[in-house]
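Below are the chains, spelled out letter by letter.
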Amino acid sequence: MITIWGRTNSVNVQKVLWCCDELVLPYERIDAGLQFGRNDEPAYLAMNPTGKIPTLVDDDFVLWESNSILRYLVLNYGESSLLYPSEPKARASIDRWLDWSLSTLQPAERPVFWALVRTPAAARDTAKLASDFDAVALLWRMLDSHLQGRFFLEGEKFTLADIVIGAYAKRWFGVEGVERPPLPNLERWYSRIATRTGFKKYVDFPLT
Ligand SMILES: N[C@@H](CCC(=O)N[C@@H](CS)C(=O)NCC(=O)O)C(=O)O
């Protein structure tokens, strides 16, 4: 039985839940992180020494790092799934988005999300927010260009890349109080992935 530790308003947990939905994989979930705590307890740290969420437990196998969890789920439970094809170039092209999301996109989008969603308006540093927003807008603009002529991030097929970037995209399109530049390719792609059941079930909620 698969157990996923982590609260449902964490983008990194949402990716994992969405992937389980794509693979029609049953699991149980235990709330942890922020207001739920638990991720600083010794038992949790013994599973995941980073103290972050999500953590996956699959019988006697424990894994942390959301994108590693996604790869594991498909490799172990979705062998013929197109989410993460085995052909090296196709797989590497997906991997680069997964790596880029954690190395570049998340560090850029996090301050904007926290300022607009998790910081009271009166306590916001508006100058910093404006420059943080411009920085992340550049990344979404790059994605908009990449998506020109593409149905999904890696062409015709929906993959792990769409799950990962799609979960962050909710935090671009879902925040209020900023003026987003028009990014038509990105918007078309977003409306396409928003039809996935896993997105509707696990990502498409007011941001908290
Ligand atoms: N690179 C890690 C990042 C994990 C991470 O930063 N998780 C956040 C939630 S998105 C967290 O644990 N925050 C502390 C908390 O919720 O208490 C991953 O992708 O799993």
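Sequence positions are assigned chain by chain, starting from 1 and proceeding in written order. A pLDDT threshold of at least 70 governs which residues receive local features in this predicted model, and a stricter bar of 80 or more applies before side-chain atom pairs are shown or counted, although totals over entire chains, interfaces and linings include all residues. To obtain the side-chain values, all non-hydrogen atoms of the structure were included, while hydrogens and water were left out.

A word on the sheet that holds strand β2 (residues 28-30). The sheet built from four strands is open, its strands ordered β2-β1-β3-β4 with mixed pairing. Each edge of the sheet is formed by a strand with only one pairing partner; in this case those strands are β2 and β4 (61-64). Averaged over all neighbouring strand pairs, the angle between strand axes comes to 20°, with direction disregarded. When DSSP locates at least two bridges between a pair of strands, those strands are taken to pair. Each helix is a run of DSSP H or I of at least 4 residues and each strand a run of E of at least 2, with the numbering of both proceeding from the N terminus. In this sheet, β4 lies alongside strand β3 (residues 55-58) in antiparallel orientation, the contact comprising four bridges. If you follow L56 over to β4, its bridge partner there is L63. Axis definition: a line fitted to C-alpha atoms, limited for helices to the stretch in contact. Angles are taken between N-to-C directions and run from 0 to 180 degrees.

Looking now at the UniProt feature "domain: GST C-terminal" (unreviewed entry) in the protein chain. UniProt positions are given in the numbering used here, feature names are shortened, and annotations may be inferred rather than shown by experiment. As recorded in UniProt, the sites labelled "domain: GST C-terminal" (unreviewed entry) are residues 87-208. With 66% helix and 0% strand, residues 87-208 has end C-alpha atoms that lie 38 Å from one another.

Working definition: a disulfide is two cysteine sulfur atoms within 2.5 Å of each other. According to the stated counting rule, one finds zero disulfides in the structure shown. Between C19, a cysteine without a disulfide, and C20, which holds the nearest cysteine sulfur, the sulfur-to-sulfur distance is 6.0 Å. The classification of residues rests on relative accessible area computed with a 1.4 Å probe and restricted to protein chains. Under 20% of the type maximum is buried, over 50% is exposed, and intermediate values are partly exposed. By relative accessible area, C19 is classed as buried at 0%.

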